[in-house]
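Coordinates in review
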Amino acid sequence: MKLFSSVNDVPDVNALVKEALHLKENPYAYKDLGENKTMALVFLNPSLRTRMSTQKAALNMGMNVMVLNMDKEGWALELRDNVIMNGTTVEHIREATAVMGQYADIIGVRSFPGLKDRDEDYSEMIFNKFVQFCGVPVVSLESATRHPLQSLADLITIEELKTRSRPKVVLTWAPHIKPLPQAVPNSFAEWMCKADVEFTIAQPAGYELCADFTKGATITNNQDEALADADFIYVKNWSAYEPYGQVTLVNEDWMLTNERLKITNEAKVMHCLPVRRDLELSSEILDGPASIVVHEAANRVWAAQAVLKRMLEGLS
Ligand code: AN0
Ligand code: CP
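Residues numbered from 1 in each chain as written. Chains lettered and ligands numbered in written order. Predicted model: local features only at pLDDT ≥ 70, side-chain atom pairs only at ≥ 80, totals over all residues. Heavy atoms only, no water.

1. Notes on the sheet that holds strand β3 (residues 64–69)
- The 5 strands lie next to each other as β1-β7-β6-β2-β3, forming an open sheet whose pairing is parallel. Two strands in the sheet have a free side with no partner beyond their single neighbour: β1 (3–4) and β3.
- Of the pairings in the sheet, the one linking strand β2 (residues 38–43) to β3 comprises 6 bridges and is parallel in character. Opposite V42, over in β3, you have L68 as the bridge partner.
- Its contacts with the sheet put helix α6 (residues 125–134) on β1, β2, β6 (106–110) and β7 (138–140), and the angle it makes with β7 is roughly 170 degrees. (Pairing = 2+ DSSP bridges. Helix = DSSP H or I, 4+ residues; strand = E, 2+ residues; numbered from the N terminus. Contact = heavy atoms within 4.5 Å. Axes fitted to C-alpha atoms, helices over the stretch in contact; angles between N-to-C directions.)

2. With respect to the packing of aromatic side chains
- Taken as a whole and assessed by the stated rule, the structure comprises 9 aromatic pairs.
- Measuring from centroid to centroid gives 4.6 Å for W173 and Y207, while their planes differ by 35 degrees, and the two rings are tilted. Taken together, the residues span a long stretch of sequence, with W173 in strand β8 (residues 168–173) and Y207 in the loop between β9 (198–202) and β10 (218–220) at a distance of 34 residues.
- Judged by its relative accessible area of 1%, Y207 falls in the buried class.
- When the centroid spacing of 3.8 Å and the interplanar angle of 15 degrees are considered together, the rings of F188 and Y234 count as stacked. With a gap of 46 residues between them, F188 in helix α8 (residues 183–192) and Y234 in strand β11 (residues 232–236) connect regions that are remote in the sequence. Summarising the burial analysis for this pair, F188 and Y234 share the class buried.
- Taken together, the aromatic side chains of Y122, F213, Y241 and Y244 make up a single cluster linked through ring pairs.
- The ring of F232 is capped by K268, whose NZ or CZ atom sits 5.9 Å from the centre of that ring.
- The positively charged end of K309 is found above the aromatic ring belonging to Y30, 4.5 Å away from the centroid. (Phe/Tyr/Trp six-rings, centres within 6.5 Å; stacked < 30°, edge-to-face > 60°. Buried < 20%, exposed > 50% of the residue type's maximum accessible area, 1.4 Å probe, protein only. Lys NZ or Arg CZ within 6 Å of the ring centre and 35° of its normal.)

What follows is the structure, encoded as structure tokens:
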């Protein structure tokens, strides 16, 4: 594997989930694969889980790891071509990524969308420039439109904790005060549409996701209808796709409470984190038995390790 940016880069999703669960049982079994290999983790935006879990995964595989918080420690990057760099940017993304490829065998990169220009964000301009110029395999650590390591960890978690062979999984929009990317829900939707689950998306009118990611899903504006008989509820806020990047309403009724869970099939509640308590998701759920958010975050290690194993196998 040379690229991990979406579910489309994975020929067999079930096999990758199995690989991750095997690594969870045998974390250090493949340490030799990463010996004398270097992973660079490059962040253009903040992170807790992605940074720590991917670093841990690389260390478990025997790799050396370098982290660069580009937004805080790197030179200001110029992203556009054909501009005279007489403004505030110091270094062009072409040289920066080419140099990183000289130091690293695999590069992970995080770059959030600007949420201003939809075409630019959905063209994945920054992520694709890394792929184009660095010359080594690239793993998305969340790009403008997708967060595939999160979605893989989510699928691993569902596979581990499901109580029926084809569980009902519901992605529900939740309130927030800031415009957040569509990357996590887009990605979750495209992975669930390929998994052996019954998948429903619930969002208030106006928060429909880009249809490219939701083919095969049942989509509704009625949260209660979606929650009925659900086995897993995936809570997430996202800003509107149309008008792009806007918070068109903050509908507090959409925050999940214990009362709402009564109509589910004793559903387990997921969230990628970070979560704003009592805005996006109630404390009573986060602190109660239905929440599996920490288990889900723990599985980020095995998701990253399965991907790194596939990439390292392709290097030698
Ligand atoms: C980010 C998002 O919604 O994409 C990262 C989530 C993993 N969250 C925030 O910006 C709060
Ligand atoms: N879920 C997730 O990606 O968290 P971080 O933004 O903290 O990495």
